[in-house]
Amino acid sequence: MKRSITTRMLVVSGVLVLTSVAVFALLVHASVEQRSSARLAFRSQEAIASGNKLEKLVIDLETGVRGFVASGGRNTFLQPWTQARRQYPTEAATLARLVRDHPDQMRLAADIKSSIDDYVNLYSLPMIALARERPDVAKSVIVNGTGKDRVAGIRSQFTRLFGAERSLVTARETRAESRSRTAITLGITGLAFAIVAVILLGLYLARSIVRPVRRVAAGAERVAGGDLSARVPDARADELGDLGRAFNTMAASLEESRDEIDRRTQELERSNRELAQYAAVTSHDLKEPLQTVSLFAQLFERRYKGRLDPQADQYIDSIISGTEHMRTLIRDLLEYSRVGRGEVRRETVDGELLFQKVLDNLDASISERCAEVTRDSLPAVEGDPNQLGQLLQNLVSNGLKFNAEGAPRVHVSATSEKGFVLFSVADNGIGIDEEHAHKIFEPFARVGERYEGTGIGLAICHKIVERHGGRIWVESRPGSGSTFMFTVPAASGRRSAPPAAPEKAPTPA
Ligand code: ADP
């Protein structure tokens, strides 16, 4: 049978309960016995007292008869006899009741009663009658008569009754005392047993339950701390064994999953690396032939533009702008793959200096479009200064570019929360509809052909933010401008997780 903790606890509790009940029952029994022995001893004392009274009545009977006879039949001397004769049956009955639980004593009491009856009926009554009729004869009879012997006989019966009753008192008192000693001994033994049992139970609990549970808790702590190799003893055939086995199965399956995730991550990293490398190599290799095509297109333009028909001029323009576009595309692609490679530098970057650099780089474009680029105070952040600069520059320049009418206005602000800085780049441009807002962070994603570009800028932003452990999203409505938001680590302070993007907004990173 499986030895479960529940069964063991039930058995131990059962033994404890049974022992307590047994000790309690013995205690009750001993104290009841002690009480009844004490009551019997008390009854014996009452029996002796009642015997004494009865003996006194016998003496009164004898005294009364003698006085009556000696006085020559004067009634006043008969008074003690008359009273004693009236009282002794009641007293004899009391005595018989008090000695009823001891057969020998009961018999003796009955003998005493019948001896008194005999004395009264067979001796004293005839003697009184004789004293009335023939006082002198009565006097001589009483001197030699059997009255004295009869009374002496009754009194010796009393002596025997008292002796036996006294030894009963002693025996009963001794028994009462021994019962009380037994009760005390049993009480102390029971208490000692209960204390020892509780201590043993405590030790058992500590050794067999608390210790293994602590081991499992320590194992759980190790697992929580990332050490998935933690295992606990699981050989027991009880609930703690089940717990240990369940824990070990869980840890083993977690370890397996982690190994699988590690393996997949490594595979993914390798394939990403290969892809980036491939993109870089391809883009780099494309540069050469493009350069040749571009060179010959320019030569062709220089030599033949305006000399052939207008259609040919248009073709030449298309070739040149196509090669230009391809050059930017290759440049952007190279930039995109460069951003995704290597470790991210972790430096403290002054937010306001970063903004100033962006302004300097975009100076020409700002003046050309009569744009206004403003900022609130910007905190320091932690990361790669070049990449963060590029991130902010891409967003500000998009804010300048995607503007249909009037002077573009771009405002940069930032708030710090939970170790991250949340940047907003808000513009008064054309805005983006909800359908496209989800896609624009993917490479080559563009909305419309009206504005020049390759669709790589926001993909680069996405990658930079992702590699800094932050998030990027946009809030916008067509015609009402756009606000691009992203989070990057603050320069100092503890981080838990980057602040979440709002529910409805796209959260590509
Ligand atoms: P590019 O600027 O080369 O087109 P981006 O990746 O920077 O590529 O942007 C992708 C697309 O997102 C753009 O084509 C444009 O439609 C949209 N977009 C980006 N920034 C803004 C903005 N500030 N306002 C409106 N649309 C924008």
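Residues numbered from 1 in each chain as written. Predicted model: local features only at pLDDT ≥ 70, side-chain atom pairs only at ≥ 80, totals over all residues. Heavy atoms only, no water.

As a further point, take the site of the ligand. Neighbouring the ligand are 20 residues, the closest being Asn398, Lys401, Asp427, Thr454 and Leu458. Between the ligand and the protein, one listed contact pairs an oxygen atom with a backbone N or O atom of Val447 at 3.3 Å. Taking Gly457, its main chain carries an N or O atom lying 3.3 Å from an oxygen atom of the ligand. Relative to its free-state accessible area of 530 Å², the ligand is covered by the protein chains to the extent of 97%. Residue assignment for the shell around the ligand shows that the elements contributing at least two residues are α10 (385-401), α12 (457-467) and β7 (482-489). Sort the elements by how many residues they give to the shell around the ligand and α10 lands first, with three residues. Classifying every residue of the shell around the ligand by side-chain character gives nine nonpolar, eight polar and three charged. (Near = heavy atom within 4 Å. Polar contact = N/O pair within 3.5 Å; in protein donor to acceptor, adjacent residues only side chain to side chain. Areas by Shrake-Rupley, 256 points an atom, 1.4 Å probe, with all protein chains shown as cover. Helix = DSSP H or I, 4+ residues; strand = E, 2+ residues; numbered from the N terminus. Nonpolar A, V, L, I, M, F, W, Y, C, P; charged D, E, K, R; others polar.)

Let us now look at the packing of helix α3 (residues 103-133) against helix α4 (residues 135-144). Contact geometry of α3 with α4 gives a least axis separation of 6 Å together with a crossing angle of 140°. Taken together, the axes of α3 and α4 lie oblique to each other. For the pair α3 and α4, contact is made by Tyr123, Met127, Leu130, Ala131 and Glu133 and by Pro135, Val137, Ala138, Val141 and Ile142, respectively. (Axes fitted to C-alpha atoms, helices over the stretch in contact; angles between N-to-C directions. Parallel < 35°, antiparallel > 145°, perpendicular 65-115°, else oblique. Contact = heavy atoms within 4.5 Å.)

Take the sheet that holds strand β4 (residues 409-417) next. Pairing is mixed across the open sheet formed by five strands, whose spatial order is β2-β4-β5-β7-β6. With one partner strand each, in any of the chains shown, β2 (372-375) and β6 (472-476) form the two edges of the open sheet. Taking the axes of each pair of neighbouring strands and ignoring which way they run, one obtains an average angle of 20° across the sheet. Of the pairings in the sheet, the one linking β6 to β7 comprises five bridges and is antiparallel in character. Within the sheet, the bridge partner assigned to Glu475 lies in β7 and is Thr483. Against the sheet, helix α8 (residues 351-361) makes contact with β2 and β4, and its axis sits at roughly 175° relative to β2, the strand it touches most. (Pairing = 2+ DSSP bridges.)

In terms of nonpolar packing, the biggest core is built from 41 residues, with Leu391, Leu392, Val396, Phe423 and Phe486 touching the most fellow members. Elements that contribute at least two residues to this core include exactly α7 (310-339), α8, α10, β4, β5 (420-427), α12, β6 and β7. Phe423 has contacts with Leu378, Val381, Val412, Ser413, Ala414, Phe484, Met485, Phe486 and Val488, leaving out every residue within four places of it along the chain. Core analysis: the second largest hydrophobic core is formed by 35 residues, Ile48, Tyr88, Tyr119 and Val151 among them. (Core = buried A, V, L, I, M, F, W, Y, C linked by side-chain atoms within 4.5 Å. Buried < 20%, exposed > 50% of the residue type's maximum accessible area, 1.4 Å probe, protein only.)

Here we take up unusual backbone geometry. Even without glycine at this site, Cys370 takes up a positive phi of about 50°. Counting through the fold element by element, Cys370 comes out in the loop between α9 (363-368) and β2. Overall, the relative accessible area of 59% leaves Cys370 in the exposed class. Residue Phe444 is not a glycine yet carries a positive backbone phi of 65°. A residue is classified by how much of its surface remains accessible, and Phe444, at 45% relative accessible area, is partly exposed.

Attention now goes to the pattern of salt bridges. Evaluated as defined, the whole model comprises 22 salt bridges. Salt-bridge contacts for Glu255 lead to Arg231; the nearest nitrogen and oxygen are separated by 2.8 Å. Here Arg231 lies in the loop between α5 (147-224) and α6 (239-304) and Glu255 lies in helix α6, a separation of 24 residues in the sequence. One continuous salt-bridge network, built from bridges that share partners, spans Glu260, Arg263, Arg264 and Glu267. (Salt bridge = Lys/Arg side-chain N within 4 Å of Asp/Glu carboxyl O.)

A separate point is the side chain of Ser482. Locating Ser482 in the fold gives a position in strand β7. For Ser482, the side chain forms a polar contact with the side chain of Ser476, separated by 3.1 Å. Apart from the residues within four sequence positions on either side, Ser482 is in contact with Val425, Ala426, Asp427, Gly431, Ile432, Val474, Glu475 and Ser476.

In this section: the packing of α3 against α5. The interhelical angle for the contact between α3 and α5, taken along N-to-C directions, is 165°, at an axis separation of 10 Å. Classified by the interaxial angle, the pair formed by α3 and α5 is roughly antiparallel. Judged by the sense of rotation from one axis to the other, the crossing of α3 with α5 is left-handed. Mapping the contact onto sequence places Gln105, Leu108, Ala109, Asp111, Ile112, Ser115, Ile116, Asp118, Tyr119, Leu122 and Tyr123 in α3 and Gly147, Arg150, Val151, Ile154, Gln157, Phe158, Arg160, Leu161, Ala164, Glu165 and Leu168 in α5. Residue composition of the contact of α3 with α5, by class: 13 nonpolar, four polar and five charged. (Left-handed = near helix turned anticlockwise from the far one by under 90°.)

By the definition in use, this model includes six aromatic pairs. With a centroid separation of 4.9 Å and an interplanar angle of 45°, the aromatic rings of Phe300 and Tyr304 are classed as tilted. One end of the pair is Phe300 and the other is Tyr304, both in helix α6 and four residues apart, which spans about a single turn. You can call Phe300 partly exposed: its relative accessible area is 39%. (Phe/Tyr/Trp six-rings, centres within 6.5 Å; stacked < 30°, edge-to-face > 60°.)

Now for the environment of Lys305. Within the secondary structure layout, Lys305 lies in the loop between α6 and α7. C-alpha of Lys305 to C-alpha of Asp433: the two residues are 128 residues apart in sequence and 42 Å apart in space. If we skip the residues at most four places from it in the chain, Lys305 touches Phe300, Asp313, Ile316 and Asp317. At 3.0 Å, the side chain of Lys305 and the side chain of Asp317 are in polar contact.

This next bit is on a nonpolar patch on the surface. A surface patch of nonpolar side chains, amounting to about 580 Å² of accessible area, comprises Leu191, Ile195, Val196, Ile199, Leu200 and Leu203. Inspection of the secondary structure assignment puts Val196 in helix α5. A relative accessible area of 46% means that Val196 is categorised as partly exposed. (Patch = residues over 30% accessible without salt bridge, like charges linked within 9 Å, V, L, I, M, F, W, Y side chains within 5 Å.)

It is worth spelling out the layout of surface pockets at this point. By volume, the second largest pocket amounts to about 580 Å³. Surrounding the second largest pocket, 17 residues form its lining, Asn272, Arg273, Gly340, Arg341 and Arg467 being those nearest its centre. Within the residue set of the lining of the second largest pocket, elements represented by two or more residues are α6, α7 and α12. (1 Å grid on protein atoms, 1.4 Å probe; cavity = no way out; pocket = protein on both sides within 12 Å on 5 of 7 lines; lining within 4 Å. Points joined across faces, edges and corners; volume = space filled by probe spheres on them.)

Just geometry here; none of it tells us what the structure is for.
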